[in-house]
Every structure is written in C-alpha cells, then in structure tokens.
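# Coordinate inspection notes
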Amino acid sequence: MHGLGALLAAAALAAPLLAAPAAHAAAPSPRIRDIQGAAHISPLNGRAVSGVPGVVTALTVNGFWMQDPQPDRSHATSEGVFVFTRTAPKARVGDSVRVDGKVSEFRPGGRTSGGLTRTEIDATATSVGARGAPLPAPAVLGPRGVRPPGAVIDRGRGNVERGGAFDPRHDAIDFYEALEGMRVRVEDAVAAGPTLDGELPVLPAGGAGARARTARGGILLRDGDANPERVILDDALAPIPAVNVGDRLAGPSDGVLDYSYGDFRLLLTASPRRVPGTLAREATRPQRRGELAVATAGLDGLNPDAPPARFDAVARDIVTGLRSPDLVAVTGLGDNSGPDDDGTVADDQTVAQLITAISAAGGPAYDWRSVDPRDNEDGGRKGANDRVGFLFRTDRGLAFVDRPSPSEPLPDEPPKRPDPAVTAVRAVPRGGTAGLTLSPGRIAPRDAAWSGTRKPVAGELTWQGRRLIVIANQWFPRTGDDQPLFGPAQPPSQPTAWRRDAQARVVARFVNSVRRVDANASVIVAGDLNDRGASIPVQTLAREAGLADLSAELPAGDRYTAVTAGNAEDLDHIMLSASLHRRRHEYDVVHRGAEFADRAGERDPTVVRIAVQGK
C-alpha cells in the first residue's frame, strides 16, 4: 500500500490497465501515482489529465475518492486521490472509472492557512466502466501492517512543499502524505482522547508500540515526540459514537485518508462500534486539619444560559472531585448574559447559580472575588467577558482581605476610588510581611502582554492568621496563528508562545516585587497557563520568580490536565514560593473531564494541600 505495494493484494503484480502505446499513439493516461508523485505537491499540478483510471472507494457531496487497483511497489507515491466534481457525483462506490480534469492542490482554509494542500483532480468528465469492482485492499496501520515513523520530521526541513528529501520511512508527515486519498485500516483501535467535534484520536493495535502512555490509557505529549502514531478518525462520511479514553472500537476501522485544517484524518466509511473501557472519574482525598487546600478549575465560559447539568458537573468537580477545597483559582467564568454582546460585564448571577449548585451537591458555602473586565477587552468570545477569580470558603480559617474594603465610604471629591479593571495592584508592607494595595487587583492590566486577553488577578488572604498572596491566571491560548504539527513549515512556528513568555515575565516581575517586600512571603500562582511545564513560558516564570511548579513533582504518567487531539499535556499549574514549598504538601491532578466525551475539551482540575499552621 501507499504505494506500499508489499501490503497490497497480489493485484500489485497484475498487468497495467492500459497497453503500451504503439508508435505515434497518444500519450498514455497518467496513473494516480503519477499525479500524486513522491512529494507534497503534485508534479502535474495545474496540468490537464485525461483517462485517469481508478475504483471509487468513497463518496461525498461534491466528489469522490478513487484508488488504483494495480499499484506499483513504491513506498513514496499514493495510489489514491480525491476527485472534485462540484456537484453530487454520479459514480458509486465500487465503480471502475476514468477521469478527465485538471490536477490541483486544494488548501483547506485558503491560501493564508498554515496547513498542507490536498492533491485532487478537478473533474471535467467521469466515465464509468464496470460496476461492483472489488475495492483495493486497505493499508493496515500498526504492527501487522505499516508503522508510522516516530517523528513528524526526522530533521529540520524548512518548507516541505518546496522540495527537500521526501522520506516516508523516517518522517511521519511524508508517511501520511504517501497514503493521502487511499483506503486505510486501523485494527483494534484504542482511544487516546475522547470524541470531540466529530473527531476521535486513536492508537492502532490497542496501543502496541506507542511510547509514553499515561497511567489511564492515553499518550503523553513530550518534547521531540508529538506521537505521530495517533490516528484522527473523522465523522465526515459516517457517524462516530461518543468514546472515552481507553475505550476500544470493535473490529477494523476503515476509511480514506484525507487532510484538512492541520491534520491527516481517516474519514471512516462505516460507523464503528464502541467497546467501553473501565475509566472512571477521579476524586482526591479531603484536606486534613491544618492543611490549606488550593485548587484550579476551568469553567469554559460558564454563564446563566448554560444548562443546569453543566452547573451540576462543575459543582461535582468541586465537591466530589476536589473535596471542597478552601480556595479555587477559577478561569473562564462568564458574565450574566453569556455570549450576548449587550455590554454586560457583571457576573453576580453566574456566581449565584454556581454557588447554589455547589450547595445542592453537598458542598459548603462559598464566596467569590474577581474584577469585572471592561467590555470585550479580555479576549475570548465577543460579549462573554470571561474572567478569572477566586471561590473560597471561610469555615476553616481562610479569609479574603478586601482592599479597599466595601465598607469604606466613597470619597466626595477626587481622586475617587480607582477603576480596578485598569489599575495595577502593587505589593506593600502589611503586618510584617507583604500585602496588596488592591485585593482583588489586576497585575499590570495596561501592559501590552495582556492585550486582548484575560488579566491575572491577585488576592490577599489570611489562613489561620498567616498572610497569603494568590494569583489566578489564564494566559493567552494557542490560536490559528500557530502553525500546525502537520503543516508545510517544519518545524512549525508557535507565535502564541511568545505572548505567553511575555506574560510569564510580567507575572514574575510582580512576584519579585512581593519578595522585595518580604523574601519569605507566601505566594501561590495558579490557573490555566496554556502551556506545558517543559515549555519556555512556564519555565521562565518558575525560574525568574523563584517558584516551584508542582506538575514536575508528579509521575510522568499522571502529569496532564488536558487532552489535545489525543496528546495529553499539563496546561494548568499551581506554583509555590519557597516558603510554602518547604512545607509538607501534596499535589494532585484530578482526572474528571479531559478524557471523557461528555466533557471533552475541558480541563482536569488540580489541587495542592499544604500544611500551613500559624504565622
């Protein structure tokens, strides 16, 4: 197959469909492998072709895939191609056809997108010969067929569409390109991520040979190993059931390999049957007497328009999963009108509904502190005004210090109370240690690093008389500006990482300003940093601010809070200053969301319990 001819049926040795041309006869029709070529761009791009033979293997609304039933033995040229017919095709699966048209390279998302192209024939005519022809045998991915290489690229190549060595044996991006448009099979597929938006990442052969598995059946993203053995199943041609990490698909999963929006995808031609695994949602242990429990929770735009089940799920995460921690650094809490772009920025209705749901789930009474943003200045969905903040309970010795106090009268004359949305919080001496000028207060909200994104919020609290400063974060996310893993630029550029690195330095400067007031100040930095513990931004914050990232203390197989296209990674973090890190502590990622289809795309909450007693 893939021109990986050794894996095809004995048809690989059959005579070609077209006899050798006689003298003065017309040039022979090209085969699909001539169109695909051993490259990412067709050697016939832009040229008219006629009489290209193949068997129709799959249909869509504006075209079909066909494959040459008589492949060569090349490892580098695909035997399948998409035929673009513009309207519903007349051909049917199993038809032997010949196609006239023009070879083109279609780039999903347009010229400016960062993805690869798909080689196709823009058909002007399709003639059908025999019907009911047997479909070419699929290439089997995995130990019993062909294994993808272990690296997307074996070495830096610049732009793979502009030449350079084409090496399907060592570069996964070329391996999959050499299968583009062909029938592919995954046997005994095991889910490496949950079903999300019609896509399901799986590992062939039950994950045999896959490296760096998580403790719960997924696969870890690591530096230098993006796990190209993952196969993304797509529901464009047949529905895919809701599947959790560790579930399996019964029997073979067959489809045609396509490319769109940054990934090679196996478009299944029949719906698979799910075989449930045993994955269960985790719960951490309760905090003990004298332990301060601090957690993170991502709410993904939670607002009053969300269904009650969504509030219930978040409440169970906090009460059952996290065992009602003392303090939760919350990200993604939406305003009272949700995504309606009506100028609303207040969040009291969202908060009230969440606190009520926590109480109904058996949790204690919680309170909330945050800073309302200015309308549409914090990024995210227009009108949603998602923000970061603190949920906290006060029945175990924790108290939030409000500055200025709500009981303070507003001055009659200027200067009036500062606008907390744009006023920077500062560290000042208070009670023999560091305190804040504003609590809650935003860190450098006018700094360009936070343009169009959520500003971190610092809060001053006391725990059994000991003063703490906690910083809740949600850094700039990955966007379409980041080049895809399977894109023409290799290695791909990730410009949003530069934004996060700038944000790391702003937070580090603030932490250092606290330490200048009191070198032994108790500081906690928590939330969605949108980058892995091994990344430059997270490492920059930890190094420059003298903080310990607790993710690094976990076993590798448990070090993840998100599953992105099947890659498990630690994007949410809790960091401790040295004065807290020296104390007995226990950190836990509580896997409750990221691996499950009913919560796919959400983050797993985290919690640290710190033995903090007295001043």
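Every chain begins its residue count from 1, and numbering advances along the sequence as written. Thresholds applied to this predicted model are a pLDDT of at least 70 for local features of residues and 80 or more for the giving and counting of side-chain atom pairs; totals over whole chains, interfaces and linings are not thresholded and use all residues. The side-chain figures draw on all heavy atoms in the structure; neither hydrogens nor water molecules are used.

What follows deals with the sheet that holds strand E11 (residues 219-220). Backbone-to-backbone hydrogen bonds join strands into a sheet, with any given pair of strands oriented parallel or antiparallel. A strand pair is defined by DSSP finding two or more bridges across the two strands. In DSSP terms, a helix is any run of H or I states spanning at least four residues, a strand is any run of E spanning at least two, and both are numbered starting from the N terminus. Spatially, three strands are ordered E11-E31-E30 in an open sheet, and the strand pairing comes out mixed. Among the strands making up the open sheet, the edge pair consists of E11 and strand E30 (562-564). The sheet contact formed by E11 and strand E31 (residues 567-569) spans two bridges and is parallel. Counterpart to Ile219 in the pairing with E31 is Asn567.

Pairs of packed helices are described in terms of their axes, by the angle between the two and the distance that separates them. Between helix H5 (residues 496-517) and helix H6 (residues 536-545), the shortest axis-to-axis distance is 8 Å and the interhelical angle comes to 15°. In terms of axis orientation, H5 runs roughly parallel to H6. For the element pair H5 and H6, the recorded crossing hand is right-handed. Across the interface between the two elements, Ala497, Arg500, Asp501, Ala504, Arg505, Val507, Ala508, Val511, Asn512 and Arg515 of H5 pack against Ile536, Pro537, Thr540, Leu541, Glu544 and Ala545 of H6. Side-chain classes are defined by residue name, with Ala, Val, Leu, Ile, Met, Phe, Trp, Tyr, Cys and Pro counting as nonpolar, Asp, Glu, Lys and Arg as charged, and the others, Gly among them, as polar. Broken down by class, the residue content of the contact of H5 with H6 amounts to nine nonpolar, two polar and five charged. Only the contacting stretch of a helix is used when fitting its axis, a line to C-alpha atoms as for every element, and angles between N-to-C directions run 0 to 180 degrees. When describing relative orientation, an angle under 35 degrees is termed roughly parallel and one over 145 degrees roughly antiparallel, while 65 to 115 degrees is termed roughly perpendicular and anything else oblique. Here a crossing is taken to be left-handed if its near helix is turned anticlockwise relative to the far helix by less than a right angle, and right-handed if that turn runs clockwise. Every residue pair with non-hydrogen atoms within 4.5 Å of one another is taken to be in contact.

In this scheme, a residue with accessible area under 20% of its type's maximum is buried, one over 50% is exposed, and one in between is partly exposed, where area comes from a 1.4 Å probe on protein chains only. Regarding H6, the residues found buried are Pro537, Val538, Thr540, Leu541, Ala542 and Ala545. Residues of H6 that are buried sit in contact with H5, strand E28 (522-528), strand E29 (547-549) and strand E32 (572-577). Phi turns positive one or two residues past the end of H6, at Gly546, with a value near 65°.

Pairing of aromatic side chains requires ring centres within 6.5 Å, counting the rings of Phe and Tyr and the six-membered ring of Trp. Pairs whose planes differ by under 30 degrees are stacked, by over 60 edge-to-face, and all others tilted. Under the defined criterion, the tally for this structure stands at eight aromatic pairs. Grouping aromatic residues by their ring pairs yields a cluster made of Phe175, Tyr176, Tyr259, Phe264 and Phe486. To sit over a ring, a charge needs its Lys NZ or Arg CZ within 6 Å of the ring centre and within 35 degrees of the ring normal. Above the plane of the ring of Phe596 lies Arg281, whose end atom (NZ or CZ) is 4.3 Å from the centre. Directly above the ring of Phe476 sits Arg499, whose terminal nitrogen or CZ lies 4.0 Å from the centroid.

So, about the pattern of salt bridges. We define a salt bridge as a side-chain nitrogen of Lys or Arg found within 4 Å of a carboxyl oxygen belonging to Asp or Glu. Scanning the model with the defined rule gives 55 salt bridges in all. Across the pair Arg285 and Glu586 runs a salt bridge, and its minimum N-O distance is 2.9 Å. One end of the pair, Arg285, is in the loop between strand E16 (273-275) and strand E17 (291-302); the other, Glu586, is in strand E33 (residues 585-589), and 301 residues separate them in sequence. Classification of Glu586 by relative accessible area gives partly exposed; the value is 36%.

This part covers the side chain of Asn473. Residue position: Asn473 is located in strand E26 (residues 466-474). Distance and chemistry together define a polar contact, namely a pair of N or O atoms within 3.5 Å, with one atom able to donate a hydrogen and the other to accept it when in protein, and with adjacent residues in sequence counting only for side-chain atoms on both sides. A distance of 3.1 Å separates the side chain of Asn473 from the side chain of Trp475, its partner in a polar contact. Discounting residues that sit within four places of it in the chain, Asn473 has contacts with Thr331, Val388, Pro456, Val507, Val525, Ala526, Gly527, Asp528 and Leu529.

This brings us to the sheet that holds strand E5 (residues 118-128). Read once around its circumference, the closed barrel built from five strands follows the order E1-E2-E3-E5-E4, with strand pairing classed as mixed. Across the sheet, the axes of successive neighbouring strands diverge by a mean angle of 55°, strand direction being ignored. In this structure, strand E3 (residues 80-84) lies alongside E5, joined through three bridges in parallel fashion. What sits directly across from Val83, in E5, is Ile121.

With that settled, consider a nonpolar patch on the surface. Where nonpolar side chains cluster on the molecular surface, the patch consists of Leu59, Val93 and Leu135 and spans about 210 Å² of accessible area. Examined against the element boundaries, Val93 turns out to sit in the loop between E3 and strand E4 (96-106). Note on Val93: relative accessible area 43%, which makes it partly exposed. Residues qualify for a patch when their relative accessible area is over 30% and they have no salt bridge, like charges being joined within 9 Å and the nonpolar side chains of Val, Leu, Ile, Met, Phe, Trp and Tyr within 5 Å. All accessibility values rest on the Shrake-Rupley procedure with a 1.4 Å probe; residue burial counts only the protein chains present in the view.

Here we come to the confidence of the model for the protein chain. The predictor reports its confidence for every residue as pLDDT, a score running from 0 up to 100. Of all residues in the protein chain, 94% have pLDDT values of 70 or greater, and the mean over the chain is 93. In the predicted structure, residues 1-26 sits below a pLDDT of 50 and forms 56 contacts with residues beyond four places in sequence or in another chain.

Definition of nonpolar core: a set of buried residues of the types Ala, Val, Leu, Ile, Met, Phe, Trp, Tyr and Cys, connected through side-chain atoms within 4.5 Å. Among the nonpolar cores identified, the biggest contains 31 residues, and Leu141, Tyr176 and Leu233 are the most heavily contacted of them. Of all the elements in the fold, those that place two or more residues in this core are strand E6 (139-141), helix H2 (172-177), strand E8 (183-187), strand E10 (199-203), strand E12 (231-234), strand E14 (252-260) and strand E15 (263-268). A per-element tally of this core places H2 first, with four residues. Among all residues touching Leu141, those that are not within four sequence positions of it are Val146, Phe175, Tyr176, Leu179, Val184, Arg185, Val186, Pro204 and Val231. Ala434, Ile443, Trp450 and Ala504 belong to the second-largest nonpolar core, a separate cluster that totals 29 residues.

Further remarks concern the environment of Ile240. Its place among the elements puts Ile240 in the loop between E12 and strand E13 (248-250). For Ile240 and Leu200, which are 40 residues apart along the polypeptide, the C-alpha to C-alpha distance reads 7.8 Å.

With a 1 Å grid spanning the protein atoms alone, the term cavity applies to any set of points in which a 1.4 Å probe fits but cannot get out, the term pocket to an open set with protein on both sides within 12 Å along at least five of seven lines, and the term lining residue to any residue with an atom within 4 Å of a point. Grid points are joined across faces, edges and corners, and a volume is the space filled by probe spheres set on the points. Counting across every chain of the model gives four cavities of 30 Å³ or more. The volume enclosed by the largest cavity comes to roughly 90 Å³. Forming the walls of the largest cavity are Tyr176, Pro228, Arg230, Val231, Ile232, Leu257, Asp263, Phe264, Arg265, Leu266 and Phe486. Every element with two or more residues in the lining of the largest cavity is listed here: E12 and E15. When residues of the lining of the largest cavity are assigned to their parent elements, the largest contribution, four residues, is made by E15. Class assignment of the residues belonging to the lining of the largest cavity gives a composition of eight nonpolar, no polar and three charged. Estimates place the volume of the second largest cavity at around 70 Å³. In this structure, the second largest cavity is lined by Ala297, Gly298, Leu299, Val314, Asp317, Ile318, Arg599, Glu602, Arg603, Asp604 and Pro605. For the lining of the second largest cavity, the secondary-structure elements that each account for two or more residues are E17 and helix H3 (308-321). The residue inventory of the lining of the second largest cavity, partitioned by class, reads five nonpolar, one polar and five charged.

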